[in-house]
Amino acid sequence: MNELVKLFEGNKEVIRHTGWVITDPKSYEWWDGFDSADKIVISAFLVQLTKWESVKRVIGTLEEHGLAKVDSIAELDLPTLESYFRPINFYRTKARRVLNFAKFVKEMGGLNKVLLLERRPLLLTQEGVGEETADSILLFAGHQPVFPNTEYSRRVLGRVTGQEMKKRDLPNFVYHNVQQDLYLYKILHAGLGAVGKAFCLLTKPKCDRCFLKQVCEYNYR
Ligand code: SF4
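Conventions we followed
- Residues numbered from 1 in each chain as written.
- Predicted model: local features only at pLDDT ≥ 70, side-chain atom pairs only at ≥ 80, totals over all residues.
- Heavy atoms only, no water.
- UniProt positions renumbered as here; feature names shortened; annotations may be inferred.
- pLDDT = per-residue confidence, 0-100.
- Helix = DSSP H or I, 4+ residues; strand = E, 2+ residues; numbered from the N terminus.
- Near = heavy atom within 4 Å.
- Nonpolar A, V, L, I, M, F, W, Y, C, P; charged D, E, K, R; others polar.
- Phe/Tyr/Trp six-rings, centres within 6.5 Å; stacked < 30°, edge-to-face > 60°.

The name an unreviewed UniProt entry gives the protein chain is DNA-3-methyladenine glycosylase III, with Metallosphaera sedula as the organism. As stated in UniProt under Cofactor (unreviewed entry), the record for the protein chain gives "[4Fe-4S] cluster". Of the comments in the UniProt record for the protein chain, the one headed Sequence similarities (unreviewed entry) reads "Belongs to the Nth/MutY family."

Written out as structure tokens, the structure is:
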């Protein structure tokens, strides 16, 4: 895994191009340069089945109106929030989910009381928060040491190691092979996601252009 980390660090610009910024372990900027936990959380709800570019536009509009904060959203009514989310797929459902989540966060006393590893079971009871979303916001907005289980990570890691890897195997694989460390979890998630998006396609991976080809078992089959 150390070799992978070095390759990700050596290809920061390629990774940046896919929306991940390799930076300090406790910075929010990993998440496409965002500057707050609130923006990461709101965008994590919006991005499901939606283009990232549309999500960024909506976050920009919320910011222009002073609403890119969970506690500001908790004060809005649903039709108003829907009007901001209109460019997003399933905007009505997502507006309801974000509003409910914002109210939940307010009741709990703020994001810093919610984005804690011990609150993960509670997070998972919220509408629209599956394991991938919960772990992504815990890691990148809450700086909690948890590794999100994504299809990109499973596919790339499975091919690189030459192991048949089911999605449920991924977190254990990481926890057994990587020391518990925020920076390592973040760079691995970002790097594997970037490679999965840019090169390691489900069919016809672009191995000739991929910067992992020198360490990838799949490439030499
Ligand atoms: S070399 Fe090919 S199979 Fe291996 S990670 Fe890159 S794109 Fe995927």
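There's plenty left to go through after this.
(A) Representation of the confidence of the model for the protein chain within the structure. For the protein chain, the mean per-residue pLDDT works out to 95, and 99% of the residues sit at or above 70. By mean pLDDT, helix α12 (residues 170–177) is the weakest element of the protein chain at 92, and helix α3 (residues 37–46) is the strongest at 98.

(B) Structural context of the site of the ligand. In the vicinity of the ligand, the residues found are Arg159, Val160, Phe199, Cys200, Pro205, Cys207, Cys210, Lys213, Cys216 and Tyr218. Class assignment of the residues belonging to the shell around the ligand gives a composition of eight nonpolar, no polar and two charged.

(C) Examining the packing of aromatic side chains more closely. According to the stated counting rule, one finds eleven aromatic pairs in the structure shown. Seen in terms of ring centroids, Trp20 and Phe140 are 5.1 Å apart; in terms of plane orientation they differ by 40°. Their pairing is tilted. With a gap of 120 residues between them, Trp20 in the loop between α2 (12–17) and α3 and Phe140 in helix α10 (residues 131–140) connect regions that are remote in the sequence. Seen in terms of ring centroids, Tyr175 and Tyr185 are 5.8 Å apart; in terms of plane orientation they differ by 55°. Their pairing is tilted. Highlighted residues: Tyr175 in helix α12 and Tyr185 in helix α13 (residues 182–198), separated in sequence by ten residues.

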